Amino acid sequence: MITPLVMGNWKMAIDLDGVVSFKAMWSSKRLLKGVEVAIAPPVPYLALMTDLPNVSLAGQDASTQSIGARTGDVSAKMLSDFTCRYVIVGHSERRQNYAEANEQIAEKARQVQALGMTPVVCVGESASEREAGLAEDFVTRQVIDSCVGLTSDLVIAYEPVWAIGSGEAASPEIASAMHGRIKAALAESLGDIRVLYGGSVSVTNCASFSKAPEVDGLLVGGASLEAESFWQICASVGESS
Ligand code: 13P
């Protein structure tokens, strides 16, 4: 059986005080079984996070280049040097704000795999694509084009754009249906791939996702910033697995 993965994506939504209080609170919590926990902090705080017990580290993004004159970029090697096990690529905030295309995201993911880390490739449709009945075709295309040249050491995160930060999570049925479609799209070339759900996951709705077929874990934004709520989400996934 696959161990579910719950990853916190802190985005640019935390500061040093927040990191320090998260760590203090998290360290007072019981260690969890039946769930793999990972956190993607902002890069400047990575070094502060390497001593958190039973928590893997993740990068929030990686450059398409391995080294060179790329002001502001962070290479996969730099993330690997700080013991990252995972790297998120293709988050919808980067697709939207920096016009990142599937081809570029595939290149980032290849850089991540070349360093022995696992890319978490994010995909998801907008509200208008869903309303037009195009969600499944759109996401399938994103998945195929963002995974060119990758090996099976890969996680996909399905994060519908309309569910991110809106308080309106997708239903477990919508998530399961899309995850099934994503897995089918990759099965022939890559085998079984873990697919996480992300978008307004909270303490109140997390249990419904962990029972949903095809949902292999969660990618959590806002609710991962406080140790108490993130721990409760991780515990609910672990205990139900
Ligand atoms: P929220 O959980 O805040 O909706 O964010 C989801 C997300 O974008 C995680 O990558």
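Scope of this entry: the structure provided in the associated data block. (Residues numbered from 1 in each chain as written. Predicted model: local features only at pLDDT ≥ 70, side-chain atom pairs only at ≥ 80, totals over all residues. Heavy atoms only, no water.)

Description of the overall build of the chain
Counting its regular elements, the chain contains ten helices and eight strands. Taken against the 2.2 N^0.38 rule, which gives 18 Å for 241 residues, the C-alpha radius of gyration of the chain at 17 Å falls within 12% of a compact globule. In terms of its C-alpha atoms, the chain occupies a principal-axis envelope of roughly 45 × 45 × 30 Å. Across the 241 residues in the chain, those meeting the buried criterion constitute 51%. Residue pairs in contact within the chain that sit at least 24 positions apart in sequence constitute 73% of those at least 6 positions apart. (Helix = DSSP H or I, 4+ residues; strand = E, 2+ residues; numbered from the N terminus. Rg over C-alpha atoms; globule rule 2.2 N^0.38 Å. Buried < 20%, exposed > 50% of the residue type's maximum accessible area, 1.4 Å probe, protein only. Contact = heavy atoms within 4.5 Å.)

With respect to the packing of helix α5 (residues 102-114) against helix α7 (residues 135-146)
With their axes 8 Å apart at the nearest point, α5 and α7 run at an angle of 45 degrees to one another. With respect to α7, the element α5 is oriented oblique. Residue-level inspection shows N102, E103, I105 and A106 of α5 in contact with α7, the latter providing R141, Q142, D145 and S146. In the contact of α5 with α7, the residues fall into two nonpolar, three polar and three charged. (Axes fitted to C-alpha atoms, helices over the stretch in contact; angles between N-to-C directions. Parallel < 35°, antiparallel > 145°, perpendicular 65-115°, else oblique. Nonpolar A, V, L, I, M, F, W, Y, C, P; charged D, E, K, R; others polar.)

Thoughts on the nonpolar core
Membership of the largest hydrophobic core comes to 62 residues, with the highest contact counts inside it found for W26, I156, I182, Y197 and L218. If you tally residues by element for this core, the top one is helix α10 (residues 227-240), at seven residues. A40, A58, C122 and A157 belong to the second-largest nonpolar core, a separate cluster that totals 13 residues. (Core = buried A, V, L, I, M, F, W, Y, C linked by side-chain atoms within 4.5 Å.)

Examining the packing of α7 against helix α8 (residues 172-190)
Helix-helix packing is described using two parameters, namely the angle between the two axes and the distance between the axes. Two elements in contact, α7 and α8, have axes whose closest approach is 10 Å; the angle formed by their N-to-C orientations is 40 degrees. Relative to α8, α7 is oriented oblique. As for the relative orientation of α7 and α8, their crossing is right-handed in sense. Residue-level inspection shows A135, E136, D137, V139, T140, V143 and I144 of α7 in contact with α8, the latter providing A177, M178, R181, I182, A185 and L186. Of the residues assigned to the contact of α7 with α8, the class counts are nine nonpolar, one polar and three charged. (Left-handed = near helix turned anticlockwise from the far one by under 90°.)

Topic: the site of the ligand
By nearness alone, every residue bordering the ligand is listed as N9, K11, H91, E159, A163, I164, G165, G199, S200, L219, G221 and G222. Between the ligand and H91, the relevant distance is 2.8 Å, taken from an oxygen atom to a side-chain nitrogen or oxygen of the residue. Interatomic distance of 2.9 Å between a side-chain N/O atom of E159 and an oxygen atom of the ligand. Within the complex, the protein chains bury 94% of what would otherwise be the 300 Å² of accessible surface of the ligand. Grouping the constituent residues of the shell around the ligand by class yields three nonpolar, seven polar and two charged. (Near = heavy atom within 4 Å. Polar contact = N/O pair within 3.5 Å; in protein donor to acceptor, adjacent residues only side chain to side chain. Areas by Shrake-Rupley, 256 points an atom, 1.4 Å probe, with all protein chains shown as cover.)

A word on the sheet that holds strand β7 (residues 194-198)
Taken together, eight strands build a closed barrel; the order of strands is β1-β2-β3-β4-β5-β6-β7-β8 and the barrel is parallel. Neighbouring strand axes in the sheet, compared pairwise and without regard to direction, differ in orientation by 25 degrees on average. In this structure, strand β6 (residues 155-158) lies alongside β7, joined through four bridges in parallel fashion. Residue pairing in the sheet places A157 in a bridge with L196 of β7. Together, β5 (118-123), β6 and β7 form the strand contacts of α8, whose direction differs from that of β6 by roughly 145 degrees. (Pairing = 2+ DSSP bridges.)

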